[in-house]
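# Results of the structural survey
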Amino acid sequence: MLNKSLFTPFLLLILSSCFVAKDYKQAETIVEEDYFRTDLLPEDSVSMADYSWREVFTDPQLVGYIEEGLESNIDIRLALQTILGAQSYYKQGKWGQLPTLSGTGKVTHQELSKNSQFGSFFDGGITQYEVSAGFSWEADVWGKIRSQRRAFEASYLQSIAAHQAVKTRLINDIANLYFRLLALDQQLKLTNETISNREQALETTSSLKIAGIVTEVGVKQTEAQLYTVKALKVDLQRDLHLAENTLAILLARSPEDIPRGELNNQHLPEKRAIGFPVQLLRNRPDVFAAEYGLINAFEMSNVAKTNLYPSLTISGTAGIQGLELDQLFSLNSVFANVIAGLTQPVLNGRRLKTQLEVALTQQEQAYLSFRRTVLNAEKEVSDAIYTFDSAKEKEDLLKKELDAYQVAIEYSEELLDNGIGNYLEVITARENALNSEIKLINSRYAQMEALTNLYRALGGGWQ
């Protein structure tokens, strides 16, 4: 008996060293030589993503809106509920290697036939009282329970990463909407000034017509320009209204007016530190959420593999049992049994093999999803860098364009005053100057949006 008791754990130790379940190894998904397809090579491992969003966005009103959004946004709250659900499964997985215990208390009454074997000994019936406890434990011989625990853990960590991804997206959306409102405000201010100027220009043109300097054509063209700007104002007011409504929804508010600052007072980091591409694996929440999904699928395929192998279970029951209630707690009422079993699946309608094939397919799908997420992350960084550089270059050109149009306005007005120029030239120069100023504001907004998008693309915001 002593030899048998020593042999059993030794056998289990040998079996446990032959785990069917394998350990996860991180896939190679990033080529360092790419460097986001930009000339902006990293000087060191410092990245914009390493900074808190409070260091990136400094406008007090914007900071307040981001704080409100992180606390009240519906998507954030939904993600938190997902975390709580995954946490419950994670806790369950941590208890997977412990035995299950159950307690039972019951009274059984059985009426017997008097002509039966037991009916002749008992007076027509038996009443039996029982109080017992049972346990069951499965040895993790092939690593199934370990894999289940790791799968639950990966699912839990994936839910946390998904919450962080929602957080980074929310901060990005709030900031971009806020900057969009500031750009629209500045365009509306410019439009109102232009309307005032063109109303005065219309009066001037009417006077010039009376003086015989311009014709009715010039008056109508000036009037048409005034209506064009007023129509532009209607579009801007509509865009402002819709942007305010969208931002209010992100803050979990009903649509309402959004107080804000001015575009020219905004300051974002001038240095675009991008770090190295491999840092996306630890900075981008959606990237490591996708990898946790891959880990979960990998461990579940381990579980499917181990289901094809024998399972070793030990179960037992112990308690007290008696026909008389007053004798239930005597030593003669004690009973116990222990069962050890080894179960090997043989025929089960191909279910276990199907489960394994499906699990391996889902693992490959999870890898492809992970790979796609990494590629998309690299693309978003590259897009944001190029968009910023393009907007900056365009801004420099638009400033030169605006300066040229302003000079053209001065010259054409001077020629008109001297009776030499054509009033159509004045109108055209003013129209072109207005368009240049609007494009200049859009270019400034595009740079701020690109920097905000770069911050999110690098994985900033959730820290």
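Residues numbered from 1 in each chain as written. Predicted model: local features only at pLDDT ≥ 70, side-chain atom pairs only at ≥ 80, totals over all residues. Heavy atoms only, no water.

## Quick notes on the overall build of the protein chain
- A tally of regular secondary structure across the protein chain gives 10 helices and 4 strands.
- Taken from N to C terminus, the helices and strands of the protein chain fall in the order α-α-α-α-β-β-α-α-α-α-β-β-α-α.
- Looking at the protein chain as a whole, 39% of its 463 residues qualify as buried.
- Of the roughly 26,600 Å² that the protein chain leaves accessible, carbon and sulfur atoms contribute 55%. (Helix = DSSP H or I, 4+ residues; strand = E, 2+ residues; numbered from the N terminus. Buried < 20%, exposed > 50% of the residue type's maximum accessible area, 1.4 Å probe, protein only. Areas by Shrake-Rupley, 256 points an atom, 1.4 Å probe, with all protein chains shown as cover.)

## A closer look at the packing of aromatic side chains
- A complete count under the given rule lists 7 aromatic pairs for this structure.
- Here tyrosine 65 and tyrosine 178 contribute two aromatic rings whose centre-to-centre distance is 6.1 Å and whose plane-to-plane angle is 55°, an arrangement assigned as tilted. Taken together, the positions of tyrosine 65 in helix H3 (residues 60-72) and tyrosine 178 in helix H5 (residues 144-210) put the pair 113 residues apart, joining distant regions of the chain. Like tyrosine 65, the residue tyrosine 178 is buried in the burial classification.
- Ring centres of phenylalanine 288 and tryptophan 462 lie 5.8 Å apart, and the angle between their planes is 75°; this geometry places the pair in the edge-to-face category. Note that phenylalanine 288 is positioned in helix H8 (residues 285-306) and tryptophan 462 in the segment after helix H10 (423-457), a separation of 174 residues in sequence.
- Using a relative accessible area of 11% as the deciding quantity, one classes phenylalanine 288 as buried.
- Site record: aromatic cluster; members linked through ring pairs are Phe57, Tyr65, Tyr178, Phe179 and Tyr455. (Phe/Tyr/Trp six-rings, centres within 6.5 Å; stacked < 30°, edge-to-face > 60°.)

## Details of the pairing of strand E3 (residues 311-322)
- Across 10 bridges, the pairing between strand E2 (residues 125-138) and E3 is antiparallel. The partner of tyrosine 129 across the bridge, within E3, is glycine 322. (Pairing = 2+ DSSP bridges.)

## Quick word on the environment of leucine 360
- Positionally, leucine 360 belongs in helix H9 (residues 351-417).
- Among the residues examined, leucine 360 registers a relative accessible area of 39% and is labelled partly exposed.
- Placed 63 residues apart in sequence, leucine 360 and alanine 297 show a C-alpha to C-alpha distance of 8.0 Å.
- The residues contacting leucine 360, other than those within four sequence positions of it, are Ser301 and Lys305. (Contact = heavy atoms within 4.5 Å.)

## Considering the sheet that holds strand E4 (residues 334-343)
- Taking strand neighbours across the sheet as the criterion, the 4 strands line up as E1-E2-E3-E4 in an open arrangement whose pairing is antiparallel. Of all the strands in the sheet, the pair left with one neighbour each is strand E1 (100-111) and E4. Across the sheet, the axes of successive neighbouring strands diverge by a mean angle of 20°, strand direction being ignored.
- Here E3 runs beside E4; their pairing, made up of 10 bridges, is antiparallel. Residue serine 315 lies in a different strand from E4, and its bridge partner there is isoleucine 339. (Axes fitted to C-alpha atoms, helices over the stretch in contact; angles between N-to-C directions.)

## Quick look at the side chain of arginine 198
- On the secondary structure map, arginine 198 appears in helix H5.
- Note on arginine 198: relative accessible area 5%, which makes it buried.
- Among the polar contacts made by the side chain of arginine 198, one reaches the side chain of glutamate 431 at a distance of 3.1 Å.
- The residues touching arginine 198, leaving out its near neighbours within four places in the chain, are Thr222, Gln225, Leu226, Val229, Arg430, Glu431 and Leu434. (Polar contact = N/O pair within 3.5 Å; in protein donor to acceptor, adjacent residues only side chain to side chain.)

## Looking at the confidence of the model for the protein chain
- Confidence in the prediction of the protein chain, expressed as mean pLDDT, is 83, and 88% of residues score 70 or more.
- Here helix H1 (residues 2-16) stands out as the least confident element of the protein chain, with mean pLDDT 47; H3 is the most confident, with 92. (pLDDT = per-residue confidence, 0-100.)

## Quick look at the nonpolar core
- Counting residues in hydrophobic clusters, the biggest one holds 64 residues, and the most contacted among them are Phe57, Leu62, Ile174, Phe179 and Leu454.
- Elements represented by at least two residues in this core include exactly helix H2 (53-56), H3, H5, helix H6 (216-250), helix H7 (280-283), H8, H9 and H10.
- The greatest single-element share of this core, amounting to 15 residues, is contributed by H5.
- The residues contacting isoleucine 174, other than those within four sequence positions of it, are Leu62, Tyr65, Ile66, Gly69, Leu247, Leu250 and Leu251.
- Judged by nonpolar contacts, the second largest core, of 6 residues, contains Leu402, Ala429, Ala433 and Leu440. (Core = buried A, V, L, I, M, F, W, Y, C linked by side-chain atoms within 4.5 Å.)

## Side note on H5
- End to end, H5 covers 96 Å across 67 residues, agreeing with the expected 99 Å (1.5 Å per residue, within 8%).
- The positive-phi residue at the C-terminal boundary of H5 is glycine 212, with phi of around 85°. (Expected span 1.5 Å × (residues − 1).)

## Focus: a nonpolar patch on the surface
- A contiguous nonpolar surface patch, about 330 Å² in accessible area, is contributed by Leu101, Phe135 and Val338.
- Counting through the fold element by element, leucine 101 comes out in strand E1. (Patch = residues over 30% accessible without salt bridge, like charges linked within 9 Å, V, L, I, M, F, W, Y side chains within 5 Å. Salt bridge = Lys/Arg side-chain N within 4 Å of Asp/Glu carboxyl O.)

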